[in-house]
Amino acid sequence: MLKLSGVHKSFSGNEILKGVSLDVRKGDIIAILGPSGSGKTTFLRCVDFLERADAGTMEFDGLTADLHSASRQTIAAVRRKIGFVFQNYNLFANRTALGNVTEGLIVAGKMPREKAERIGREALDRVGLSDRADYYPAQLSGGQQQRVGIARAMAMNPDVILFDEPTSALDPELVGEVLDVMRELAREGATMIVVTHEMNFARQVATEAVFMDGGKIVEQGPPARIFEHPREERTARFLQRILRQDDRGESAKAAYTKEEPAEVRQGGRE
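Residues numbered from 1 in each chain as written. Predicted model: local features only at pLDDT ≥ 70, side-chain atom pairs only at ≥ 80, totals over all residues. Heavy atoms only, no water.

### Regarding the overall build of the protein
Within the protein, the regular secondary structure consists of 10 helices and 10 strands. Taking 18 Å as the expected radius of gyration for a compact globule of 270 residues, we find that the protein reaches 19 Å, a close match to that expectation. Considered along the principal axes of its C-alpha atoms, the protein spans approximately 55 × 55 × 35 Å. Going through the 270 residues of the protein one by one, you find that 47% of them count as buried. Here the contacts in the protein between residues at least 6 apart in sequence split such that 63% fall between residues at least 24 apart. For the protein, the accessible surface area stands at approximately 13,600 Å², while carbon and sulfur atoms represent 45% of it. Of the charged side chains in the protein, 37 are positive and 39 negative; the average position of the first set lies 3 Å away from that of the second. (Helix = DSSP H or I, 4+ residues; strand = E, 2+ residues; numbered from the N terminus. Rg over C-alpha atoms; globule rule 2.2 N^0.38 Å. Buried < 20%, exposed > 50% of the residue type's maximum accessible area, 1.4 Å probe, protein only. Contact = heavy atoms within 4.5 Å. Areas by Shrake-Rupley, 256 points an atom, 1.4 Å probe, with all protein chains shown as cover. Lys, Arg positive; Asp, Glu negative; His and termini not counted. Charge placed at Lys NZ, Arg CZ, Asp CG, Glu CD.)

### Some details on the nonpolar core
In terms of nonpolar packing, the biggest core is built from 51 residues, with L124, I150 and F163 touching the most fellow members. Residue contributions to this core peak at 7 residues, all from helix α6 (residues 172-187). Look past the residues within four positions of L124 in its chain and what remains in contact with it is A97, L98, V101, L129, S130, A133, V148 and A151. Within the second largest apolar cluster, 33 residues are counted, among which are I32, C46, I82 and V195. (Core = buried A, V, L, I, M, F, W, Y, C linked by side-chain atoms within 4.5 Å.)

### Regarding the pattern of salt bridges
What the rule picks out here adds up to 16 salt bridges. In this structure, the salt-bridge partner of R25 is D28, at a minimum N-O distance of 3.4 Å. Under the relative-accessibility criterion, D28 is labelled buried at 7%. Among the salt bridges present, the one from R95 reaches E103, with a minimum N-O distance of 3.1 Å. For R95, a relative accessible area of 29% puts it in the partly exposed group. In this structure, a network of salt bridges that share partners links the residues D61, K81 and D159. (Salt bridge = Lys/Arg side-chain N within 4 Å of Asp/Glu carboxyl O.)

### Quick notes on the sheet that holds strand β4 (residues 55-60)
Sheets are built from strands paired through backbone hydrogen bonds, the pairs being either parallel or antiparallel. Overall, antiparallel pairing links the 4 strands, which are arranged β2-β1-β4-β5 in an open sheet. Each edge of the sheet is formed by a strand with only one pairing partner; in this case those strands are β2 (14-24) and β5 (63-66). With direction set aside, neighbouring strand axes in the sheet form an average angle of 15°. As paired strands, strand β1 (residues 2-11) and β4 are joined by 5 bridges and run antiparallel to one another. Following the sheet pairing, L4 is matched in β4 by M58. (Pairing = 2+ DSSP bridges. Axes fitted to C-alpha atoms, helices over the stretch in contact; angles between N-to-C directions.)

Functional significance is not addressed by these values, which are geometric in nature.
Right under this line is the structure:
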């Protein structure tokens, strides 16, 4: 369905991507793991031409593109097939939730407003926000804003959805609501490439885990093997460190929940 080959990208002489290649089949949920600075986000942005790669090719549903020299028409054709969910939501502050979802349909897709709003409301309903359609981003929690971002991507009916660390900007108590939406998308058969530090999501939901470091794919394979029996020492060290941090975080969360009075734990939550 989607084949990326030899993707290179440098910034100011610093090589961020060093020939990354990835094959994606329909229905794949690919979790890309790795330390900060390993090139994960840059790779996603090159796939959607938010960054222009220095070299590399893409084969996508019968379309072939050079990632460095693709024309505007080719880029537009690729973007019609790809949804992108940003780390920091990237919502228009002066648009309602519905307006954010329908903007691309109306402006880029030239869709009649009535049809766009029907599709937009259906997308918001799928992420549990049908009652927030007329709310502005400032009136929504971080988790709700990210769910609007997911609805915006879904409304375009893309072949692939790219997620750039979709929970990293959220308070811990809001992470679950976004992951639940992503799990539902996976159950529905969506094809997703997810840059994430959510190890449980990668282990339980992904069909393929990819570990990147230093601008390269170090190791990839079924999540069960990657997590339980990594073949590369660098992968093992990374997972050990991240999983220890997750364990400490869960212990702290459990202690907080146990020790704080109920009225304090519930204060400020929706």
